[in-house]
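Observations on chain architecture
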Amino acid sequence: MDRRTFLAGFASLVAAPAAARMKMHGMRQPPNGLVLPEGQPLRELPRLENQTADPGNFRASLSAGPATVRFAEGVDTPVLAYNRMSPGPLIEVSEGDRVEIAFANDIPGEESTIHWHGMPVPADQDGNPMDPVPSGGGRTYAFDLPEGSAAPYWYHPHPHGKTAEQVYRGLAGVFLVKPKVDPVPAEYGDTVLMFTDLRLAPDGTMPASTMIDQMNGRVGDHVLVNGQKNPSLALNLGDKRRVRFYNATNARYLRLTFENANMVIIGTDGGLLEKPVPADDILLTPAERVELIVTFDKAGQARLKTLDYDRGWMGPGRPNDAGLVLLTANVAKSPATPQPPLPATLRTITPLGTAAVTRRFVFTEKLKMGSGAMSTGSHNMHVGSDSMAMNSGPMSIEFLINGAAFDMNRVDVVTKLGDVELWEVVNQSDMDHPFHVHGTQFQVVEHELRGKVTRPTYVSWKDTVNVVQGETARLLLRQGQPGRRMYHCHILEHEDLGMMGIVDVQA
Ligand code: C2O
Ligand code: CU
Ligand code: CU
């Protein structure tokens, strides 16, 4: 649908108070007077304890269920949490390990799963929506992590139609796979920064999503780092730190820069690059990760800030993304203890080579209006009580791939195990979409926008790539294990509204 028709239809449906409320979400100050403490020392995410001493094995339990978190002074927020923690506990294992995690779904009345985002695990262990764990039920996820799989992965629920809500309510955690031998000096430490997005009502609860949230993806009022607002980090002059950024928000695009510090990219979703690459700013779209070496070579404050980025926005209430301070490093004048230099070469990445098959995935959006639309179809809007008045009948939106909304019982693509394929992801919708494929890591070949082709300046392994409005992204990928895998937009509301498909990898 063209944008003007869409917006005209949209405007007629939005009541004035809702529009006003949406505008407020774009403002710096939260609209409800709740204050989130800032400047507390950055906390480390608590580690999930390994229950076995057997070398090469990691055994643990994770339960998903209700808990409370005190984000704002004086109010408790009901959340969903893994082992009563949100963000969930950090899982750290080594490549080559056997992992067994017993999962208990203690979420009242809702199915759930745990999906191991980006990880090379067997399809039936990957927490697909086709393998739900009922409320009150459980299962064990078991997999072996091959050599060479070291990377900053993460985990989150993936139940049909409920992924977005379970994630914004608090279910997500970091899964670090460490290499046997790490080329990055241990002296740089390993600072994980997991970004999540929070919206609170005046009473401290999380309001239900509105139609604006469904269309654009839910963006909160506060971007948190490891669950804290603008935490602080104390450093000495010249300190080099290994930092891992995780965008675990439902839908917030983060274009990030460190003032008064130097950033060098050393890794992406699928682990280390071949060589360090200097960067002034980094666009980190939902689900993407990046690893950096940050050098704090100026005394004083070095703030991690967001810059503006226009990803396309439907309707009112586009958040003002620029100028958020996510973290403040306080750099003392005393010099850091000398640290070894970063090696010039980190590893080799073999190009995937020539594709046996080319496939095309076209993203579109479809707005349905009129009373008929609401009663049919399974992807109608869930309209929150305070969200907006519908004054001219109900409306719903679907986000489609190749003209179809997700169907759990339909295989969209059949591929051959081990074949290299070229996937062309064509974005014909009015906003950017971060495209994600399960079970493997891919290599981006190029992006084409209005006839202009840009190639990445370095090779890397990715499991999520942003596809800008109007562009075509081309990537090479190979699935190394058989079974059904999901591919989808990682704006989780879009995924839930249909922008997902199934690829069946056949041996
Ligand atoms: Cu984090 Cu299906 O994805
Ligand atoms: Cu995934
Ligand atoms: Cu999307």
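In what follows, the structure referred to is the one given above.
We now turn to the structure provided with this report. Just so it is clear, the model here is predicted, and its values are computed rather than measured.

Side note on the overall build of the chain
For the chain, the helix and strand inventory stands at six helices and 30 strands. Nonlocal contacts in the chain, meaning residues at least 24 apart in sequence, comprise 79% of its contacts between residues at least 6 apart.

Focus: the sheet that holds strand E4 (residues 98-105)
With respect to topology, four strands assemble into an open sheet ordered E2-E1-E4-E6, the strand pairing being mixed. The sheet is open, and its two edges are formed by strand E2 (77-82) and strand E6 (138-144), each paired on a single side. Within the sheet, the average angular offset between the axes of one strand and its neighbour, ignoring direction, is 20°. By the bridge criterion, six bridges tie strand E1 (residues 57-69) to E2 in an arrangement that is antiparallel. Its bridge partner lying in E2, Val69 is registered against Thr77.

A short note on the coordination of the copper ion (ligand 2)
Protein coordination of the copper ion (ligand 2) is provided by His115 (NE2) and His436 (NE2), with donor distances spanning 1.9 Å. Of this pair, His115 sits in strand E5 (residues 115-117) while His436 sits in strand E24 (residues 433-437); the two residues are 321 residues apart in sequence, bridging distant segments of the chain. Neither residue differs from the other here; His115 and His436 are each classed as buried.

Quick look at the environment of Gly127
The topology assignment puts Gly127 in the loop between E5 and E6. Sequence-wise, Gly127 and Ile114 are 13 residues apart; in three dimensions their C-alpha atoms are separated by 4.8 Å. Residue contacts for Gly127: discarding those within four places in its chain leaves Thr113, Ile114, His115, Tyr141 and His158.

Some points on the coordination of the copper ion (ligand 3)
Octahedral six-donor coordination of a metal ideally yields angles of 90 or 180 degrees, compared with 109.5 degrees for tetrahedral four-donor coordination. Donor atoms from the polypeptide that bind the copper ion (ligand 3) are His433 (ND1), Cys489 (SG) and His494 (ND1), placed at 2.0 to 2.1 Å. Donor residues for the copper ion (ligand 3) sit on one chain with the sequence pattern H-x55-C-x4-H. Comparing Cys489 with His494 shows no difference in burial state: the two are buried.

Observations concerning the pairing of E4
Across a regular strand the side chains alternate sides, sitting on one face of the sheet and then on the other. Residues of E4 alternate between two faces, with Val99, Ile101, Phe103 and Asn105 buried on one and Arg98, Glu100, Ala102 and Ala104 left unburied on the opposite face. Pairing geometry for E1 and E4, over eight bridges, is parallel. Residue pairing in the sheet places Phe58 in a bridge with Val99 of E4. Relative to E6, E4 is paired through seven bridges, and the arrangement is antiparallel.

Some thoughts on the sheet that holds strand E12 (residues 239-247)
Two pairing modes exist for strands in a sheet, parallel and antiparallel, and in both the strands are linked by backbone hydrogen bonds. Sheet architecture is open: six strands sit in the order E10-E9-E12-E17-E14-E15, paired in mixed fashion. Strands at the two margins of the open sheet, each flanked by one partner only, are strand E10 (222-225) and strand E15 (271-279). In this sheet, neighbouring strand axes are inclined to one another by 25° on average, regardless of whether the strands run parallel or antiparallel. Of the strand pairs in this sheet, E12 and strand E17 (residues 289-296) are connected by eight bridges, and their pairing is antiparallel. When the sheet's bridge partners are listed, Arg244 is paired in E17 with Glu291.

Notes on the packing of aromatic side chains
Taken as a whole, this structure holds 17 aromatic pairs when the rule is applied. Ring geometry for Phe361 and Phe435: centres 6.2 Å apart, planes at 35°, overall tilted. Of this pair, Phe361 sits in strand E20 (residues 357-369) while Phe435 sits in strand E24, and the two are 74 residues apart along the sequence. Each member of the pair, Phe361 as well as Phe435, carries the same accessibility label: buried. Note on Phe435 and Tyr487: the rings are 6.2 Å apart at their centroids and 50° apart in plane angle, and the pair reads as tilted. Of this pair, Phe435 sits in strand E24 while Tyr487 sits in strand E29 (residues 483-489); the two residues are 52 residues apart in sequence, bridging distant segments of the chain. Judged by its relative accessible area of 0%, Phe435 is buried. A cation over an aromatic ring shows up here: Arg218 above the ring of Tyr168, its NZ or CZ 3.6 Å from the ring centre.

Notes on the nonpolar core
In this structure, Trp423, Phe435, Leu475 and Tyr487 are the most contacted members of the largest nonpolar core, which totals 36 residues. Leave out the neighbours within four places in its chain, and Trp423 touches Arg359, Phe361, Phe435, Val437, Ala473, Arg474, Leu475, Leu477, Tyr487 and Val503. Judged by nonpolar contacts, the second largest core, of 31 residues, contains Leu233, Leu254, Phe258 and Leu284.

What about the side chain of Gln479?
Looking at where Gln479 falls in the secondary structure, it is placed in the loop between strand E28 (471-478) and E29. Within the structure, the side chain of Gln479 is placed 3.0 Å from the backbone oxygen of His438, a separation counted as a polar contact. Discounting chain neighbours no more than four positions away, the residues touching Gln479 are Leu417, Gly418, Asp419, Val437, His438, Gly439, Thr440, Arg485 and Val505.

With respect to the environment of Leu367
Examined against the element boundaries, Leu367 turns out to sit in strand E20. Overall, Leu367 belongs to the buried group, its relative accessible area being 8%. When the C-alpha positions of Leu367 and Ile397 are compared, they lie 4.3 Å apart, and in sequence the two are 30 residues distant.

Things to note about unusual backbone geometry
Most peptide bonds are trans, and most residues other than glycine sit at a negative phi. Between Ser86 and the following residue, Pro87, the backbone shows a cis peptide bond with an omega angle of -5°. Although it is not a glycine, Asn83 adopts a positive phi angle of roughly 50°. Looking at the element boundaries, Asn83 is found in the loop between E2 and strand E3 (91-94). A residue is classified by how much of its surface remains accessible, and Asn83, at 23% relative accessible area, is partly exposed.

Considerations on the pattern of salt bridges
For side chains of opposite charge, pairing can occur when their charged atoms come near one another. Scanning the entire structure with this criterion turns up 38 salt bridges. Counted as one network, the salt bridges with shared partners bring together Lys178, Asp182, Asp190, Arg242, Arg244 and Glu291.

Section: the environment of Lys452
Structurally, the position occupied by Lys452 is in strand E26 (residues 452-454). Considering only alpha carbons, one finds Lys452 and Glu471, 19 residues apart in sequence, at a separation of 9.4 Å.

Each value, and the rule that gives it
Residues numbered from 1 in each chain as written. Chains lettered and ligands numbered in written order. Predicted model: local features only at pLDDT ≥ 70, side-chain atom pairs only at ≥ 80, totals over all residues. Heavy atoms only, no water. Helix = DSSP H or I, 4+ residues; strand = E, 2+ residues; numbered from the N terminus. Contact = heavy atoms within 4.5 Å. Pairing = 2+ DSSP bridges. Axes fitted to C-alpha atoms, helices over the stretch in contact; angles between N-to-C directions. Donors = N, O, S within 2.8 Å, 3.2 Å for Na, K, Ca; no water. Buried < 20%, exposed > 50% of the residue type's maximum accessible area, 1.4 Å probe, protein only. Phe/Tyr/Trp six-rings, centres within 6.5 Å; stacked < 30°, edge-to-face > 60°. Lys NZ or Arg CZ within 6 Å of the ring centre and 35° of its normal. Core = buried A, V, L, I, M, F, W, Y, C linked by side-chain atoms within 4.5 Å. Polar contact = N/O pair within 3.5 Å; in protein donor to acceptor, adjacent residues only side chain to side chain. Salt bridge = Lys/Arg side-chain N within 4 Å of Asp/Glu carboxyl O.

Bear in mind that shape data such as this cannot, by itself, settle questions of function.
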